[in-house]
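# Residue-level structure breakdown
Take a look at the letters that make up each chain.
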Protein chains: 2
Amino acid sequence: MKLNKTALENLDRIDRIKIINTVSGIKPGNLIGTVDETGNTNVAVFSSVVHLGSDPALLGFILRPTGEVPRNTYANILANNSYTINHIHPAFIKNAHYTSAKFDLGVSEFERCGLTEEFIEECKAPFVKESQFKMGMKFIEALPIKQNNTLLVIGEITSIILPDASFNNKEYINLEEINSVGISGLNSYYSITKIADHPYARVNEVPKF
Amino acid sequence: MKLNKTALENLDRIDRIKIINTVSGIKPGNLIGTVDETGNTNVAVFSSVVHLGSDPALLGFILRPTGEVPRNTYANILANNSYTINHIHPAFIKNAHYTSAKFDLGVSEFERCGLTEEFIEECKAPFVKESQFKMGMKFIEALPIKQNNTLLVIGEITSIILPDASFNNKEYINLEEINSVGISGLNSYYSITKIADHPYARVNEVPKF
């Protein structure tokens, strides 16, 4: 099946959203935690967290148009330059999913969705206690993507919390052991199973194919 | 285990790269296909493809510093404003992985890594024939991320090719059925298994937690 530009433009709005949200492949399932200046907390599911670089340690994520609905997450990040990124695990997928409902300002998704705030040392924003792999983040910059009025929010990792066993492994961290979850589209959640490791690819070690 | 900013800065370079490349969670496994003005093709594995929006249908991906090594992918995209994004499947993970070796200019990773070029209609760039879910892309813009000299390359989807069975399903496209692959870190590949679907989250339908 091939959909060309005309066919894509002629899809009805919902089919289009469903399809286009799936084409990039599996997406990481994360919860972003924030707090406003008066201590009201907020947590929301995001599937657009992306690695930007290791030195400095930078992650990005995409924020929908700021004018569309109240965007507590972004206002809170601007208020204190702090947020957290927390992996979702199978045990609380449903809780995580419902953080996407458009609750009134002042309603904490932590409370409404049965997730637990956790404050750790110098990070102002709340972590998700139920998550085993999470990062404290310092806001650096938001790059406007003018084609659709979204933002690439760039932050630096200021702390990482993960299970001792994962860190002690001299090889790569195994996301299957940590039970990290993937998302496709807007509504589907996936577990992940490690099936292959390959070494750093040097030209003189490339096998014959 | 908690790593604060000082601990992160004190990690040795390789440990740091391994860890920071894993913290965002599972990443989509894609091959990006391009061609230069004289017809030399190029294909390279990317784990940073990210959904930017559905209308217009935009995807982004992150490109490493352009000065570091020859970046055929980017030069080719600029040459003809065209590229393809192709899902990786388990049957050709090894082939896909070795496209990351730094081959000399003029060497096609298609040939060297045992992948097959496929040219479809108006898209100048080559698709990967072995991939069942792939997009033709028109280059729109590259946003500089000045903190680490990377680029967010933004493109519009001009065609989508996917299995008939996936498209005919009125629900969301199932990435497990398509056998799409996830990546963590730089070297680990994961299969995915759908474990939950949840409806669009309306405030008045949020369950009690």
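What comes next is a walk through the structure. Note that the structure is a prediction, hence the values are computed from the model and not measured.

With that settled, the discussion passes to helix α3 (residues 72-80) of chain B. All names here are of chain B. Turning to α3, its buried residues are N72, T73, Y74, N76, I77 and N80. Turning to α3, the residues buried within the fold contact β3 (30-35), β4 (41-46), β6 (57-63), β7 (82-87), β10 (134-145) and β11 (150-161). Looking one or two residues beyond α3, the residue adopting positive phi is N81, at roughly 55 degrees.

All names here are of chain B. Tracing the sequence through the fold places N42 in strand β4. The class of N42 is buried, set by a relative accessible area of 4%. Of note is the side chain of N42, whose polar atom sits 3.3 Å from the side chain of T73. There is a polar contact of 3.2 Å between the side chain of N42 and the side chain of E109. Setting aside chain neighbours within four positions, we find N42 in contact with I32, G33, T34, N72, T73, N76, E109 and F110.

Next up on the list: the pattern of salt bridges. In the structure shown here, the tally under the stated rule is 16 salt bridges over all chains. Across the salt bridge formed by D55 of chain A and R16 of chain B, the nearest N and O atoms sit 3.6 Å from each other. One end of the pair, D55 of chain A, is in the loop between β5 (50-54) and β6 (57-63); the other, R16 of chain B, is in helix α2 (residues 13-20), on a second chain. Residue class for D55 of chain A comes out exposed when judged on its relative accessible area of 63%. With a relative accessible area of 10%, R16 of chain B lands in the buried category. Residue K134 of chain B pairs with E118 of chain B through a salt bridge whose shortest N-O separation is 2.7 Å. Of this pair, K134 of chain B sits in strand β10 while E118 of chain B is found in strand β8 (residues 117-118), placing the two residues 16 residues apart along the sequence. Using a relative accessible area of 3% as the deciding quantity, one classes K134 of chain B as buried.

Let's shift gears to the relation of the copies chain B and chain A. When chain B is fitted to chain A, the best match, at an RMSD of 0.0 Å, comes from turning it 180 degrees and sliding it 0.0 Å along the axis. Taken together, the rotation and translation describe the operation of a two-fold axis. Scanning chain B for the C-alpha nearest the rotation axis identifies I192 of chain B, at a separation of 2.3 Å. Here 100% of the contact residues of chain B are again contact residues in chain A; the copies associate through an equivalent surface.

Next up on the list: the sheet that holds strand β12 (residues 182-184) of chain B. If you walk across this open sheet you meet the six strands as β2(A)-β12(A)-β13(A)-β13(B)-β12(B)-β2(B), and the pairing is antiparallel. Across the chains shown, the open sheet's two edge strands, defined by having one partner strand only, are β2 (27-28) of chain A together with β2 (27-28) of chain B. As paired strands, β12 of chain B and strand β13 (residues 188-197) of chain B are joined by three bridges and run antiparallel to one another. If you follow G182 of chain B over to β13 of chain B, its bridge partner there is Y190 of chain B.

Reading the values: the criteria
- Residues numbered from 1 in each chain as written.
- Chains lettered and ligands numbered in written order.
- Predicted model: local features only at pLDDT ≥ 70, side-chain atom pairs only at ≥ 80, totals over all residues.
- Heavy atoms only, no water.
- Buried < 20%, exposed > 50% of the residue type's maximum accessible area, 1.4 Å probe, protein only.
- Helix = DSSP H or I, 4+ residues; strand = E, 2+ residues; numbered from the N terminus.
- Contact = heavy atoms within 4.5 Å.
- Polar contact = N/O pair within 3.5 Å; in protein donor to acceptor, adjacent residues only side chain to side chain.
- Salt bridge = Lys/Arg side-chain N within 4 Å of Asp/Glu carboxyl O.
- Least-squares fit on C-alpha atoms with pLDDT ≥ 70 in both.
- Pairing = 2+ DSSP bridges.

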